[in-house]
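# A closer look at the structure
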Amino acid sequence: MTFLEPLLLWGLPLALLPVIIHLFNRLRHRSIDWGAMMFLLSATRKSTRYARLRQWLILLLRVLALVGLVLAVARPLAGGWLGWMFQAAPDVIVIVLDRSASMEARMPGGNVSKRAEAARVLAEAAQSYKDTSRFVLFDTALRAATEVGEPSALPQLSTAGATDTAADIPATLQAVVEWAQRNKVGHFEIWLASDLQASNWQPDSEQWKVVTAQIAALPQTVRVRLLTFEQPPVTESWSVQITEVLRRPRAEPPEVEVVMMIERNNPAPAIMPISIGGEGTRAQVDLELSGPSYRYRHKLPVESAMASGWGRVELPADDNPRDNVAYFVYGPPVLLRALVVTDDPAVGRILQLAAAPFANDTNLVAEVVHPDRTAGVVWNDYALVLWHAAPPGGAVAAALHQYLEAGGALWMFAHGQPGQFEGIAWGEAQAAEEGKSWPITQWQRQEGLLANTEENLALPLNDLEVRRRQPLGGTGIALASFEDRLAFLSRRVVGRGELVACSVGLWPEWSNLREGWVLVPAVQRLLQTGGRRFTQAGMLSCGQIVPTGGGEIWTSVEGAKDVRLHAGVYRSGLRMVAVNRPPAEAAVETVEPAKARGLFGPVPVQMLGERKQGEGRLQAELWRMFLFAMLVFLLVEALLILPPKPETAPAVRFQMKGGTP
């Protein structure tokens, strides 16, 4: 037997109070023998034995009543046959509903979304427990508890509605555990409904070990039931995502370039009409698609170089309406500052020109500083930091980490000495054979720093001649690789920022990277990435901002929407943001149901609808039983202390001699 409030068991010694009071009462009276005592004791011997027995019973019942009260408030849990006998239904059923955008895909053969179907099935399953269990809904979007009074009302709850957010299943389960610990709930079950999307379940996350260990350590038994909807779409499906919005202030007339990525599950050639429009304008473009992915750049003319506004891209309807629309915003250009950190003045000048190549463009500014003079630098003032020196350490490394977490961009070049920073390591310097170099044969041409130009021309990375290099290791993702598969350029996301590591330095004996054909466009693209946080208009993923936490109030330009839950364009004062479905929601990979069950480790898991197993391991709260026992003890004790009925004296009949009675 275990207890939910074990500290209250320290109150068990209070059960001795009746005994102590009884002993004190006996000490108050002294026995004094007197002459007629023997005759009195002999006359009342029988009644004295009964009185003592009754007193001991009263004392025992008072002790048991106090023991029952203490055990009841300590909330005991019983397992085995006792738990099965007293309770087969859980005290609380926690419903965890996956409200990610991928759950809005239609069920095969119908128009009902996976989320709506999950809510319906859960509501039906809960009907058999509505008289015995309490229901609490945890949705993956807000991770907050909502009491569900009537299970049949679950599909109509606002906290069970559609969203454009992603789901973090381990974090949601962590919130459930913390809620259970705070509220001291008894035996409870977790009913989890999800489409098992891998990006939501994060099967490689270390958080699974933490949260399952916490569930297993709870004093009460917890069981998980899974309801899965991992069916792939049965019809053709597509989605759109806006990857970049660029201003073209020198174009005539000024224009905004919207870069979007269209994903399909059918790679066959097809013509897809898309609708692109802003405030009061809308155009339709027919795209000739081939392959599962298609990158498209659309130029949208604007009123002036300082104009701001918003727009949306819309695809034809398919089985999931939540991924057919994407929003964008644009605003006036802002000052973008770059900081070059190097101990070589010649290299500093090259990087300064790469970051601010036009003397008449006052919106681009680049400064150079020696590594020994970075102590007073306000890093967050810069959109981009170009680091051509030994990897930093100590306070400077900590400051750069915070800079990356806040959304900054950092490019670190090889400097000749081994070192590491933020999980990326530079190895020992290597030199190519005399007269030879390491050719670069693979790089990401669709997006990112090394993407093709507007004219779909590839950057000349295969023309680079790398004669010295420092192999990159660690956790970065290669953006470009040499012929021998070693990375030339690696990228790692840190917080909201981006770290780029290069295996080559800018000295002429290392490579010809300093000539600028690759360096300048890559630096300019990374500068724009780091500068997004300075613009009045920005693009965010749904669920990324919470207006109540920052004291900001966001209103939708398209009517009633919640910035935490729904995609759209929102304003807060002079600031305007486009909120879109998180890119991870476009991933189609799912976790196998057997693997999903294995993620829970020691926690018992079964699919919803499976026959109950292991009922003998159920635990039940027994505080009602102990409270009832206490009342019974007090009732019997009250009957025993009632005074005995007075004995009535027999009637005496008198008769007078010589007369009538």
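This structure is a prediction, so every number in the text was calculated from the model and none was measured.

## Describing the overall build of the protein chain
The secondary structure content of the protein chain amounts to 14 helices and 33 strands. In the protein chain, which comprises 661 residues, the share counted as buried stands at 45%. A fraction of 73% describes how many contacts in the protein chain between residues 6 or more apart in sequence connect residues 24 or more apart. Summing over all exposed atoms, the protein chain offers an accessible surface of approximately 34200 Å²; the carbon and sulfur share of this is 57%.

## Points about the environment of Ser290
By the secondary structure assignment, Ser290 is in the loop between strand S11 (282–289) and strand S12 (293–301). Given a relative accessible area of 46%, Ser290 falls into the partly exposed group. A sequence separation of 24 residues divides Ser290 from Asn266, and the C-alpha atoms of the two residues are 9.0 Å apart.

## Some points on the environment of Met539
Residue position: Met539 is located in strand S28 (residues 537–541). In this structure, the C-alpha to C-alpha distance between Met539 and Val579, residues 40 residues apart in sequence, is 6.0 Å. If sequence neighbours within four positions are ignored, Met539 has contacts with Ile242, Val245, Tyr327, Ala578 and Asn580.

## Focus: the nonpolar core
Formed by 68 residues in total, the largest nonpolar core has its most connected members in Trp411, Leu450, Phe488 and Leu519. Contacts of Trp411, omitting those with residues within four sequence positions, involve Leu384, Val385, Leu386, Trp387, Leu489, Val500, Cys502, Leu519, Ala522, Val523 and Leu526. Listed in part, the 33 residues of the second largest apolar core include Val94, Val136, Ile190 and Val224.

## Quick notes on helix H5 (residues 114–126)
For H5, built from 13 residues, the straight-helix expectation of 18 Å at 1.5 Å per residue is met to within 8% by its first-to-last C-alpha distance of 18 Å. Taken together, the buried positions of H5 are occupied by Lys114, Arg115, Glu117, Ala118, Ala119, Leu122, Ala123 and Ala126. Tucked into the core, H5 has its buried residues touching strand S3 (92–97), strand S4 (134–139), strand S6 (188–194) and strand S7 (222–228).

## A closer look at the confidence of the model for the protein chain
Per-residue confidence for the protein chain gives a mean pLDDT of 83; residues scoring 70 or more make up 87%. Overall, residues 610–618 carries pLDDT values under 50, and its contacts beyond four positions in sequence, including any with other chains, amount to 22 contacts.

## Observations regarding unusual backbone geometry
You will see that Gln202, though not glycine, has its phi angle at about 50 degrees, which is positive. Turning to its location among the elements, Gln202 is positioned in the loop between helix H7 (198–201) and helix H8 (207–217). Here Gln202 falls in the partly exposed class, since its relative accessible area comes to 27%. At Glu422, a position not held by glycine, the phi torsion is positive, near 50 degrees.

## Description of helix H11 (residues 519–530)
With 12 residues, H11 extends 16 Å between its outermost C-alpha atoms, agreeing within 8% with the 16 Å of an ideal straight helix rising 1.5 Å per residue. Considered for burial, the residues of H11 that qualify are Leu519, Ala522, Val523, Gln524, Arg525, Leu526, Leu527 and Gly530. For H11, the secondary structure elements touched by its buried residues are strand S15 (336–342), helix H9 (345–355), strand S16 (364–369), strand S17 (384–388), strand S18 (409–412) and strand S27 (497–502).

## What about the sheet that holds strand S14 (residues 325–330)?
Pairing is antiparallel in the open sheet, where 4 strands are placed in the order S11-S10-S13-S14. Only two strands of the sheet have a single partner each, and these edge strands are S11 and S14. In this sheet, adjacent strand axes meet at a mean angle of 20 degrees when their direction is disregarded. Sheet topology places strand S10 (residues 270–278) next to strand S13 (residues 309–314); 4 bridges connect them, and they run antiparallel. Bridged to Gly277 within S13 is Arg312.

## Quick look at a nonpolar patch on the surface
Together, Leu14, Leu16, Leu17, Ile20, Ile21, Phe24 and Leu27 give the surface a local cluster of nonpolar side chains, amounting to about 730 Å² of exposed area. Summarising the element assignment, Leu14 is placed in the loop between strand S1 (2–3) and helix H1 (17–28).

## Let's talk about the sheet that holds strand S20 (residues 424–426)
Either a parallel or an antiparallel arrangement is found when strands of a sheet pair, and the pairing is made through backbone hydrogen bonds. Reading across the sheet, the 3 strands line up as S19-S20-S24 and stay open at both edges, with antiparallel pairing between neighbours. Edge positions in the sheet fall to strand S19 (419–421) and strand S24 (472–474), since each of these pairs with one other strand and no more. Strand after strand, the sheet turns through a mean of 30 degrees between neighbouring axes, direction not considered. Bridge analysis of S20 against S24 gives 3 bridges, and the strand direction is antiparallel.

## Digging into the pairing of strand S9 (residues 255–264)
By the criterion of burial, S9 is predominantly enclosed, with 9 of the 10 residues buried. Note: strand S8 (residues 238–248) against S9, 10 bridges, orientation antiparallel. Looking at S9, one finds that Trp238 is bridged to Arg264.

## Concerning the packing of helix H6 (residues 169–183) against H8
Running from N to C, H6 and H8 point in directions that differ by 25 degrees, and their axes come no closer than 10 Å. Taken together, H6 and H8 sit at an angle that is classed as roughly parallel. Relative to H8, the crossing made by H6 is left-handed. Residue-level inspection shows Ile169, Pro170, Ala171, Leu173, Gln174 and Val177 of H6 in contact with H8, the latter providing Gln207, Trp208, Val210, Val211, Gln214 and Ile215. Looking at side-chain class alone, the contact of H6 with H8 contains 9 nonpolar, 3 polar and no charged residues.

## Some remarks on the packing of aromatic side chains
According to the stated counting rule, one finds 8 aromatic pairs in the structure shown. Ring centres 5.0 Å apart and planes at 10 degrees place the aromatic pair Trp411 and Phe413 in the stacked group. Here the two residues Trp411 and Phe413 agree in accessibility, since each one is buried. Cluster of aromatic residues (ring-pair linked, three or more members): Trp201, Trp208 and Phe600. Directly above the aromatic system of Trp438 lies the positively charged group of Arg469, at a separation of 3.9 Å from the ring centroid. For the cation-ring pair, Arg469 lies above Phe482, with the distance from its terminal atom to the ring centre recorded as 4.9 Å.

## Considerations on the environment of Pro521
With respect to the element layout, Pro521 can be found in helix H11. Owing to a relative accessible area of 21%, Pro521 belongs among the partly exposed residues under this scheme. Pro521 sits 70 residues away from Ala451 along the chain, and the two C-alpha atoms are 9.5 Å apart. With near-sequence residues (within four places) excluded, Pro521 lies in contact with Leu459 and Gly516.

What counts as what
Residues numbered from 1 in each chain as written. Predicted model: local features only at pLDDT ≥ 70, side-chain atom pairs only at ≥ 80, totals over all residues. Heavy atoms only, no water. Helix = DSSP H or I, 4+ residues; strand = E, 2+ residues; numbered from the N terminus. Buried < 20%, exposed > 50% of the residue type's maximum accessible area, 1.4 Å probe, protein only. Contact = heavy atoms within 4.5 Å. Areas by Shrake-Rupley, 256 points an atom, 1.4 Å probe, with all protein chains shown as cover. Core = buried A, V, L, I, M, F, W, Y, C linked by side-chain atoms within 4.5 Å. Expected span 1.5 Å × (residues − 1). pLDDT = per-residue confidence, 0-100. Pairing = 2+ DSSP bridges. Axes fitted to C-alpha atoms, helices over the stretch in contact; angles between N-to-C directions. Patch = residues over 30% accessible without salt bridge, like charges linked within 9 Å, V, L, I, M, F, W, Y side chains within 5 Å. Salt bridge = Lys/Arg side-chain N within 4 Å of Asp/Glu carboxyl O. Parallel < 35°, antiparallel > 145°, perpendicular 65-115°, else oblique. Left-handed = near helix turned anticlockwise from the far one by under 90°. Nonpolar A, V, L, I, M, F, W, Y, C, P; charged D, E, K, R; others polar. Phe/Tyr/Trp six-rings, centres within 6.5 Å; stacked < 30°, edge-to-face > 60°. Lys NZ or Arg CZ within 6 Å of the ring centre and 35° of its normal.

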